[in-house]
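What follows is the residue order along each chain.
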Amino acid sequence: MDIATIVQVLESTLRLATPLLFACLAGLISERAGIFDIGLEGKMLMAAFVSAAIAFVSGNVWIGASAAIFASVMLSLLHGVASITFRGNQLISGVAINFLAAGITVVVAQNWFRQGGRTPSLSGDARMQRIDLPFVDALRDVPVLGPVYTILSGHAPLVYVAFLCVPLTWYLLFRTRFGLRLRAVGENPAAVDTAGISVIGLRYGAVAICGVLCGLAGAYLATGLSAGFVKDMTAGRGFIALAAMIFAKWRPWHAMWAVLLFGLLEAVANRFQNIEILGIGIPVQAMQALPYILTVVILAGFVGKAIPPRAGGAPYVKEH
Amino acid sequence: MSSRGKIPHWADVTLVPLFSVALAFALSAVLIWAIGESPWQAVKLMVEGAFGSSYGWGYTLFYATNFIFTGLAVSVAFQARLFNIGGEGQALLGGLGVALICLYIPWPHWSVALIAASLGAALFGAAWAIIPGYLQAKRGSHIVITTIMFNFIAASLLGYILVNVLRVPGSQDPASPRFPSEVALPKLHEMLALVGIPFSTVPPVNIALLIAIGMCFMVWYMLWRTRLGYQIRAFGESEPAAQYAGISPARITIYVMLISGGLAGLMAVNAVMGEQQRLVMNAVEGAGFIGIAVALMGRNHPFGVFLAAILFGFLYQGGAELALWMSIPRELIVVIQALVILFTGALDNMVRMPIARVFARRKRAG
Amino acid sequence: MVLNDSQMRQETAASDLAIELRGISKAFGPVQANKDISIRVRRGTIHGIVGENGAGKSTLMSILFGFYRADSGEIFINGKPTEIPDSESAIRAGIGMVFQHFKLVENFTVLENVILGAEDSGLLRPSLARARGLLKDLAREFELNVDPDALIEDLSVGHQQRVEILKALYREADILILDEPTGVLTPSEADHLFRILKGLKEQGKTIILITHKLREIMDVTDEVSVMRRGEMVATRVTAETSPTELAELMVGRKVLLRVEKPPAQPGAEVLRVESLRHVDSQGVERLRGISFGIRKGEILGIAGVSGNGQSELLEVLAGLREAEGKVLLDNEALPLSGAGCDGQARRARRIAHVPEDRQRRGLVMNFHAWENIALGYHHDPRYNPSPWRMNNAAILRDTTGKMEAFDVRPPDPQLKASGFSGGNQQKLVLAREIEYEPDLLLVGQPTRGVDIGAIEFIHQRLIRLRDAGAAVLLVSVELDEILALSDRIIVMFDGRIMGERMPDETNAQELGLMMAGMA
């Protein structure tokens, strides 16, 4: 493998990790507040479609992204109504949202564009432009620093936003009042309630943030990573994000490393059909399954137990 | 799945699902109307397409067969308050079991092959479900997450086996060779011809339908007429009471997942052995997930599952007709399915409220 | 001298009162938890509230902390009429509450728990710094030292309680309510708590102490109010009352239950318990070395205020909790952990169990009556002609007979358990367990939430079982029931046995004192 290939694979890793990172942080914030969300996939898919469709119609990728956020937040609030207000089953609600998005996106895409459930290809301002970091050309030939800088440069703005969201999420969760309360409501809502804070308000807040981040994930997927929406284009990324979140044990920095690992696996699987390590051929399918296998191993507690927020999944019923 | 409003039991098992389906249909009608099509026209097309001919009936029943198996799988798990989302992966593995048995063992007659393939399908499906079951029972790993993960792992595993092991040499298609013609299952039209009833020869509905109906009965018998079923239901209704009675939660969890996975695996007998006659990548086509909607709508009772499976069979066949004759894609069915899951499974407390109010008012008046 | 309410009202100016409640009533459905309650708590005092289980103490305090809203009545804080619709208003009015079950976030640090909900600004850093300083001061002043950076889950129960007090003080609470604060503490931790409370009082804080332990009342309070059956029956100056008087007020002069009971004919010892110890999942030692025996044809009553280990004792014997020590049934050891320690194995040894909480444990509420009759007996060969068939018809027949024998109404085996009244649910459980004809019946709170008619019936049945030669271990928080039924009485307090009495040689007052840890 030459340097150029490695650079290519790593660049692609960053791009592939971006939607995962948004979705993973989205799930992390929701679950930290005690709302399980297996509907990340659906929200991302809906956002991907809406961003591509609106970007195509308006010719402006940012209008598309805003619409995507709006659509994703709407689905989030639906999840909130079911699981917070009506104390329904959070898992079933998540499943329903996944199917809802899978269905509606294709039905509406077919009706609007009549291209077999896809949007037309995006180009120009309807697509997310890549931005080059300053001095990238000048530094290109510097050893070590050059290739690293090249890998970091030339991505869509949302890639940088995603990675910026990692310290932001960390700061929000661990250094602000909102974060303290949010984490508390996922661990012991009774403590929050007796402290005179609204459990319902906090949880809706978390769910809304989750929606915004899923919106960004979908928007990047359809207008940055690809040039338009195709049916089922999330292809399980919402679940990989969920896996990354568990793998990272609900911690933002770990989440970043987890999605980078999963992104790398995907990038390598895309680039090479079969890899040999130490003379053993590793099939591409093993690479695809690895994130899921790792997550099961973590969940089983064989390598450091993953303990979810203690009040997760249960509606809060006031008692004393 | 908690009941808060005071509603009589009969209303809870009939009115709540019916009301939910009505809501789902109404919203879907709005969607059809919003994309500029006529909901009335769509309903007419679907009903004619699914029930208007023996051809339509054949497809409706074929889809329903799949959904009975996966719906029963989800229901049995729900009876123990376990949410098995892994039907999809378990059915895929069931397909692998069917394929291996049909391809590598020369069978003299379809009937023996059917028995062996059914056992193989159930065994493979159960094996795929027992790992999440064991992890839930012994290590407390959340079964919803592990079964989701196992769906993806199953897809990768099957992909690998189809590409590297079972693929026809020289073919680009990741699919197994065709099964020998000896193992072709009798179609419904052949069976009906024996008693002189004419039926369309096109639809793939086959003898697996009878197995599915048999399974409805078996599951009902197991749940309500055996000690195991008694323990499953007691555990599902109240874990403290089950513990009081000396019922081991870990053992029940593992048994339930074995049965659930086996039922999901059996679906492959219909889809793989009955229809496709070879193993392909998307052998299951989402039926594992539709099982969730079917189980929720059927209120986890085999009879309810049977009715709900017919309803979803109708939706799938009708949806195919819609896609053919109107510019409404098949995915409309996925929307309806999503709404049914939402209303029966997550917003059930909301759906119950107006019904509870009506009963409260009647009580006051009476 | 004993002050009555009107005298006290004259002697205390309204402005000296931290809290005054007037005519507070609260009902939950048909149950009147608080009936027209009035109480005056003077500023800068420790005011005790005592009463038996279910007397309405906790409900009253929950109303004061905004958890429930009273149906009627008025609340005055520092002389001003105050509305307390939620916890936030209570905190703003200067009320802090230390719940019996702590409301702490287990994997947060002490500091984080202290500031939660009372942060100074959007960013945590200034609040944390201020809290750290304040904690240091409080630690010095009141012996309230806890490591501010420790995680709650790593702290002992006593330290966790200090965090709850610190939380209230951080919110500048002037009035501190503690609900059964010593239930989870060791004696030395409890002494420490009382030193803290006295220190707080000296700083002018007002403290309300809810407890059933009379020793604590006598030791630390200035005044004490007694509640009984949802009513406030008396308020006394502690120095002018005695444990005996308080016990009398608590228990009241209820019409004593009379049960027709031939004298017991005790036979050989069935069950022997030796130094039984049990630590619950919270790490609290619930049984601290219990030893006793029961003989055939005898009802052994275990008296005690709930939460003193009786429930755990019952569940350990029933195989639902693991424990250490020795339990012999007919001179043969009963496994206290691992395989062979579950409900099935106990039933095989002819131990039947009527659990304290019939709706959670004793019955599956969504099961028909007949299905519930098989609960725990679902392996019975009479119900299972083969492993592949459960004979529902046989269970149904059995149920009809049992319902008739125990006069369960309505006598409909197809009715779900949730459809029966409390008394009939209990009869259903008793029918199942007694008709098994056990050698030993473990029975907890047999008449809780049961109407008078059914109580009498249930008592007769227990006596009839005894007369048939079975041993009965009766756990009840109802003293009258213990006195009426038992042939021998053991009083439990704080995981230990306080003593043993014969029912005709003791009375409610003496037992009440023992239950309050005063013997």
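Fair warning: this is a prediction, and the values are worked out from it, not measured in the lab.

Q: For this particular structure, what's the right way to read the sheet that holds strand 3 (residues 46–50) of chain C?
A: In a beta sheet, neighbouring strands pair by backbone hydrogen bonds and run either parallel or antiparallel. Residues and elements named next belong to chain C. The strand order across the open sheet built from six strands is 6-7-8-3-9-10, with neighbouring strands paired in mixed fashion. A single partner strand is all that each edge strand has here, and the edge strands are strand 6 (95–98) and strand 10 (231–237). Adjacent strand axes in the sheet meet at a mean angle of 20° when their direction is disregarded. By the bridge criterion, five bridges tie strand 7 (residues 175–179) to strand 8 (residues 206–211) in an arrangement that is parallel. Counterpart to Leu-178 in the pairing with strand 8 is Leu-209. Of the strands in this sheet, strand 3, strand 7 and strand 8 touch helix 7 (residues 187–202), which is tilted by about 150° from strand 8.

Q: I would appreciate a short explanation of the nonpolar core in the present structure.
A: Soluble globular proteins tend to pack their nonpolar side chains together in the buried interior. Among the nonpolar cores identified, the biggest contains 375 residues, and Val-98 of chain B together with Leu-276 and Phe-292 of chain C are the most heavily contacted of them. Ignoring any residue separated from it by four or fewer positions in sequence, one finds Phe-292 of chain C in contact with Leu-271, Arg-272, Val-273, Leu-300, Leu-313, Leu-317, Leu-473, Ile-490 and Ile-497 of chain C. Membership of the second largest hydrophobic core comes to 29 residues, among which are Ile-19, Phe-67, Met-97 and Met-232 of chain C.

Q: Would you take a moment to explain the packing of aromatic side chains for this structure?
A: Working definition: an aromatic ring pair is given by the centre-to-centre distance plus the angle between the planes. Evaluation of the coordinates by the stated rule reveals 26 aromatic pairs over all chains. Counting every residue linked through ring pairs, the aromatic cluster contains Tyr-55, Tyr-59, Phe-62, Tyr-63, Phe-67 and Tyr-316 of chain B. Sitting over the ring of Tyr-436 of chain C, Arg-350 of chain C keeps its end group 4.3 Å from the ring centre. Against the face of Phe-457 of chain C rests Lys-427 of chain C, its NZ or CZ located 5.0 Å from the ring centre.

Q: Any chance you could explain the interface of chain B and chain C here in plain terms?
A: Size of an interface, as often reported, equals the accessible area lost when the parts are brought together. Listed per partner, the contact involves 19 residues of chain B and 30 residues of chain C. Taking both partners together, chain B and chain C bury about 2100 Å²; carbon and sulfur atoms supply 53% of that area. When the buried surface of chain B facing chain C is broken down by residue, Arg-227, Tyr-230 and Tyr-244 of chain B rank first, second and third, together holding 41% of it. Linking chain B with chain C are one salt bridge.

Q: Before we go on, may I ask you to explain the pairing of strand 17 (residues 440–444) of chain C in this structure?
A: Working note: regular strand, side chains alternate between the two faces of the sheet. Residue and element names in this part refer to chain C. Counting buried residues along strand 17, five of its five residues qualify, which places the element largely inside the surrounding structure. Along strand 17, one buried face is formed by Leu-440, Leu-442 and Gly-444 and the opposite face, lined by Leu-441 and Val-443, is buried too. As paired elements, strand 16 (residues 351–354) and strand 17 share four bridges and run parallel to each other. Bridged to His-353 within strand 17 is Leu-442. The pairing of strand 17 with strand 18 (residues 471–475) spans five bridges and is parallel. Bridging across to strand 18, Val-443 finds its partner in Leu-474. Note on the crossover from strand 17 through helix 16 (residues 452–467) to strand 18: the handedness is right-handed.

Q: Quick question: what am I supposed to make of empty space enclosed by the protein here?
A: Rolled over the atoms, a probe with the dimensions of a water molecule shows which regions are left empty. Under the counting rule described, the total for this entry stands at six cavities of 30 Å³ or more. In this structure, the largest cavity encloses a volume near 140 Å³. What lines the largest cavity is a set of 14 residues, and nearest its centre among them are Thr-194 of chain A together with Phe-65, Met-97, Lys-167 and Arg-171 of chain C. When residues of the lining of the largest cavity are traced back to their parent elements, those giving at least two are strand 6 and helix 6 (157–170) of chain C. Class assignment for the residues of the lining of the largest cavity results in eight nonpolar, two polar and four charged.

Q: Hey, could you run me through the sheet that holds strand 5 (residues 80–81) of chain C in this one?
A: All names here are of chain C. Reading across the sheet, the four strands line up as 2-1-4-5 and stay open at both edges, with antiparallel pairing between neighbours. Edge positions in the sheet fall to strand 2 (31–42) and strand 5, since each has one partner strand and no second. Where strand 1 (residues 17–28) and strand 2 come together, eight bridges link them in antiparallel fashion. What sits directly across from Phe-28, in strand 2, is Val-31. Packing against the sheet, helix 2 (residues 57–64) makes contact with strand 1, strand 2 and strand 4 (72–77), and its axis sits at approximately 115° to strand 1.

Calculation notes
Residues numbered from 1 in each chain as written. Chains lettered and ligands numbered in written order. Predicted model: local features only at pLDDT ≥ 70, side-chain atom pairs only at ≥ 80, totals over all residues. Heavy atoms only, no water. Pairing = 2+ DSSP bridges. Helix = DSSP H or I, 4+ residues; strand = E, 2+ residues; numbered from the N terminus. Axes fitted to C-alpha atoms, helices over the stretch in contact; angles between N-to-C directions. Contact = heavy atoms within 4.5 Å. Core = buried A, V, L, I, M, F, W, Y, C linked by side-chain atoms within 4.5 Å. Buried < 20%, exposed > 50% of the residue type's maximum accessible area, 1.4 Å probe, protein only. Phe/Tyr/Trp six-rings, centres within 6.5 Å; stacked < 30°, edge-to-face > 60°. Lys NZ or Arg CZ within 6 Å of the ring centre and 35° of its normal. Buried area = accessible area lost by both parts, 1.4 Å probe. Salt bridge = Lys/Arg side-chain N within 4 Å of Asp/Glu carboxyl O. Right-handed = clockwise from strand over helix to strand, strands pointing away. 1 Å grid on protein atoms, 1.4 Å probe; cavity = no way out; pocket = protein on both sides within 12 Å on 5 of 7 lines; lining within 4 Å. Points joined across faces, edges and corners; volume = space filled by probe spheres on them. Nonpolar A, V, L, I, M, F, W, Y, C, P; charged D, E, K, R; others polar.

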